[in-house]
Structure formats: structure tokens, C-alpha cells
Amino acid sequence: MKFVGRYAIRGLLGQGGMGRVYRVELPPVGKIGALKLFDPDPLLARLMGRDKLRELFVNEAATIAALSHPHLVTIHDFDVADGAPFFVMDYIADNLGAVIGEHFEVEHPTRTVSVDRALDYTRQILQGLACLHDAGIVHRDIKPYNLLLTPWDTIQICDFGLSRVRGEVFQGPANLNVGSPYYAAPEQEADPDHVGPPADLYAVGVVLYRMLSGRLPLSTEDYSPLEVFNADLDAPWDAWMQHAMAVRPRDRFASAEAMGQALDALAAHWDAQKERACAVPVDRPRTPATFPASVTPRSTPIKASPRQAIALFKLDSLWRPERYATSTFTTSSDDIVIDQAAGLAWQRAGSPFPRTWQQSGRYVQRLNDRCLAGCTAWRLPTIDELLTLLRPPAMAMDLCVPAVFAADQRRLWSADRRSYAAAYYVDSEMGYVGWQDFSALFHVRGVCALSEVKRS
């Protein structure tokens, strides 16, 4: 077992220009954290000098440690191991980039986020930025992969390596880019040393546009209206976007707080849209699914690599179902959801709190100990079974239909494993399959063969 200081390394989470980020464990209590170790890219070290990069690394830790806000990451420890400084933060398995499926070729389309959730995430980002900007700090690299997503669906802004404190000059090579393509404001690409808060607000506009459309706004001049991607998003949405992503900083929102107030007005407009849509009765007949025995969802867990899984689970390039089931669910009096076509019974909700993959097995065992719905064969579902719960992305009219399953249990563990240390899960709202290491926190929804359930 390898250690950094007193922390045992459990896996590599990522690598950037300044160093590596590891998933670590603190013996003997077993607390999992994320450790960022100074280990700069050799080319960057030659361009800027190792001593300068070390200074920036320590400044990043000091910047985070000086702030306290629910939507900013928190540092718990700082030390030096074998001459290399490191700091430790909470381990948060998810980030917005992974959730939307952003590719290393960033131009590729991504998954979309529901309008309500996209508004909520954006509001949280702006609250975190308001704290940063009040402290005289410009982040300069707001993008989906730097927006951590906790198990309680809260955003935490991370990666302050490029942050600029008021009055500070970066002093890097003239040809060194600061920020990420498409998310960096025009003035940041031209003069990164003198950007202010409007540069971060520009990036927030790009992030929201991406969440709603699954695309990047390639330029203000080549802007595609949001209704091209979602017919529910009308002119006020585009007005907000173009204000947020104006070419000149002075034409953008004056502050994160002002941007948030305009976002609240946009959310009120969206709520009014939903109310109008739901006021019109629409008869939407549902066609029950008929699953021949040969296509009954697989119940035996498997272990598969991502390359194998995308074919085995019949997923598209964004890990969504190639075809959606059309099951008609019914709810029994004991809060169990019946899927007659697939021959399955589900918990309507599931675990009240997110759990690690190992803990999910203990939760299912408790269902059997309770003999829930007369069944003692509750188990963790396979991906094939979880896919029967997914539906295409919702439009405003779909939001009028009462949800069958509880909305709080959204990311659900499966019994299928990616490796000996990672398992697959399903995001039931966004409708995709992903994987995480066993220590990630997701909810559990038990499944049981319908033949094992005692009807009530």
C-alpha cells in the first residue's frame, strides 16, 4: 500500500498541470478524502519554473482555506510529504462534467439536465461565486468538471489553481492559456491577468446553456436559440443567455448577485409556463409493455468493462438506452410499485440516505429481515432492470404527470460491477448509466420478483 504522508492511496482521480488528485483513506478510521499532491507537468515546469508552480499550489490551498461557503470546497489538511506539498479535501465522487457526459473533445454533444435542476445548479454556482468575488478572487476556470456534485445534489466549486486574487499578476508565459476553451470569456483569452468577476459570470452562462441544450454556444454571433433544443424554452431564456455571454464585460450582469436575481425571474417565468401547460387537460394514453419471456430483464449480476457494458446494456454513445420500456406501473397499498410486464416489484422510494456500494447490500438485507410486502428475496437490481424505470427527457407537459417513484432517490446503485472496486449505477432522472468506485454515495432501491410478493 502506498502512502502520501499518513494517507493511504486508494486510486487516482485525475491529473492536471499542477499535480495529481488521489482518492485516499485515513487509517485507522477509514475516512475517505481527496488529496491533491504537487506534481507539476514537466513541460509546464520548464515554462514557468518549479518554484513558481509550487508557490501557486500553496496559494491555491491558502485561497480555499480562507473561505467558508456551502458551495465551495473545504480543505481539511495541508502538509508536505517527501518534499512535495499536498492538501486534503472532502471526497465527492460526482461532478457536473461527468453527469452531463462531457467528452475530452469538448465540442461533442452532452446529456441535458432538467430545467428545474439546471436552474438550481446555476443558482448554487452563483452563490459560491458571490462569496469568491466578495473576497476579491476571480476563479477563471468555471466549467462542468470543476463543479463537484455532492450526494445531496449540492454544487461545490473546486480547482482554484488558476484563481486570481485582486491585484495579483499571474506572470506566466505569454502563450500559456488560462481557463478552458469555450468557457473562458473573450477578454480572458486576450489578457488573463486583468480579468474581473464578469469573466466567471460569462462561464456560468455557458454552463447553463450547455445543461439545457447539450451543446456549446460556439460564439455570440453564431448563437442557436434554446428552443431549437427544447421547445419549452422561449425568448426570455435567450435574452438571459445573451446578457450573460455578452462579448464586452460591461454588457454582462453587474455581479453574481444581480445575475442570480435575473435567474430567479427566469425561474418564475418557467413556473408560470408549467402552470399554463398543466392547466390544459391532455389525454395521454399509455400503452402497456408486453415483454416476451425471452426479453425479461436480466436478474443475475455481471462484471463488465465499459466497452463491454455499452453493448451489453444496449446504450447509445451518451450511455442512455437505445430504446425505452413503456411499462405501466401501479402502486400497491404498502408503497410498492408493480411492473406487471417485467414481472418485478420495486420499492417506490428506497434508502432514505445515500450509501456506499457495500452498504447497499446491508440495506437490502434489512428489507428481507422485515419481509417487506411479504417478500424475503429483495435484492440490488441489475442495470437491465433499472433501465425499465427510465423515460425520455421530460418536456413541460410531462411535468404535469404525477411521478410514480420518489424523486429524492435519483442515482441508484446496481448489482453490476465495472471492476473489483467499482460498480454501475443509473441516474433515473437524467436517464443514463454511469459507474463509480464502491465508496461513492448513491441511493438503493430494492427489487423483488413479482411472484415473491404478497399482494395487498
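Rules and cut-offs
- Residues numbered from 1 in each chain as written.
- Predicted model: local features only at pLDDT ≥ 70, side-chain atom pairs only at ≥ 80, totals over all residues.
- Heavy atoms only, no water.
- Helix = DSSP H or I, 4+ residues; strand = E, 2+ residues; numbered from the N terminus.
- Buried < 20%, exposed > 50% of the residue type's maximum accessible area, 1.4 Å probe, protein only.
- Core = buried A, V, L, I, M, F, W, Y, C linked by side-chain atoms within 4.5 Å.
- Contact = heavy atoms within 4.5 Å.
- Salt bridge = Lys/Arg side-chain N within 4 Å of Asp/Glu carboxyl O.
- Axes fitted to C-alpha atoms, helices over the stretch in contact; angles between N-to-C directions.
- Nonpolar A, V, L, I, M, F, W, Y, C, P; charged D, E, K, R; others polar.
- Pairing = 2+ DSSP bridges.
- Disulfide = S-S within 2.5 Å.

Describe unusual backbone geometry, listing the residues and the values that go with them.
The peptide bond linking P27 to P28 adopts the cis configuration, its omega dihedral lying at -5 degrees. With respect to the element layout, P28 can be found in the loop between β3 (19–26) and β4 (31–38). Although it is not a glycine, Y182 adopts a positive phi angle of roughly 75 degrees. Among the secondary structure elements, Y182 is positioned in the loop between β11 (164–165) and α5 (186–190). Phi at W319 is positive, roughly 65 degrees, even though this residue is not glycine. Residue placement: W319 occurs in the loop between α9 (306–312) and β12 (329–331). Given the relative accessible area of 13%, W319 is considered buried.

Can you lay out the nonpolar core for me, pointing to particular residues and giving the numbers?
Core analysis: the biggest nonpolar cluster contains 97 residues, and L129, L212, W237, W240, M241, W378 and W413 have the highest contact counts within it. When residues in this core are grouped by element, the largest group, 11 residues, is from helix α6 (residues 197–213). Setting aside residues up to four positions removed in sequence, W378 forms contacts with I336, A345, W346, Q347, V364, L367, N368, L372, A373, G446, V447 and C448. Of all hydrophobic cores here, the second largest spans 21 residues; its members include L344, L389, Y424 and V447.

Summarise the pattern of salt bridges; cite the residues concerned and give the values.
Considering all chains together, one arrives at 25 salt bridges under this definition. One salt bridge connects E55 with K52, and the closest N-O pair in it is separated by 3.9 Å. Remark: K52 and E55 occur in helix α2 (residues 50–65); sequence separation between them is 3 residues, near one turn of the helix. Among the residues examined, E55 registers a relative accessible area of 42% and is labelled partly exposed. What you see here is one network of salt bridges that share partners, running through D94, R117, D153, R410, R411, D427 and E429.

Give me the packing of α6 against helix α7 (residues 235–244): which residues, what numbers.
Running from N to C, α6 and α7 point in directions that differ by 145 degrees, and their axes come no closer than 8 Å. Contacts between α6 and α7 involve L201, Y202, G205, L208, Y209 and L212 on the former and, on the latter, W237, W240, M241 and A244. Along the lines of polarity and charge, the residues of the contact of α6 with α7 split into 9 nonpolar, 1 polar and no charged.

Residues and numbers for the sheet that holds β12, please.
Taken in spatial order, the 4 strands make up an open sheet running β12-β13-β14-β18, and their pairing is antiparallel. Edge positions in the sheet fall to β12 and β18 (447–449), since each of these pairs with one other strand and no more. Across the sheet, the axes of successive neighbouring strands diverge by a mean angle of 25 degrees, strand direction being ignored.

Any details on the state of the cysteines? Residues and values, ideally.
Tallied over the full model, the rule gives 1 disulfide. Covalent S-S linkage joins C375 and C448, the inter-sulfur distance amounting to 2.1 Å. Between C375 and C448, the S-S dihedral sits near 80 degrees, and the bridge is therefore right-handed. Here C375, found in the loop between α10 (357–370) and α11 (383–387), pairs with C448, found in strand β18; they are 73 residues apart in sequence, far enough to count as distant. C448 carries the same exposure label as C375, and that label is buried. Looking at C131, it has no disulfide partner, and the nearest cysteine sulfur is the one in C158, 15 Å off. Residue classification places C131 among the buried positions, given a relative accessible area of 18%. What makes C158 buried here is its relative accessible area of 12%.

By themselves, these are just geometric observations and shouldn't be taken as functional.
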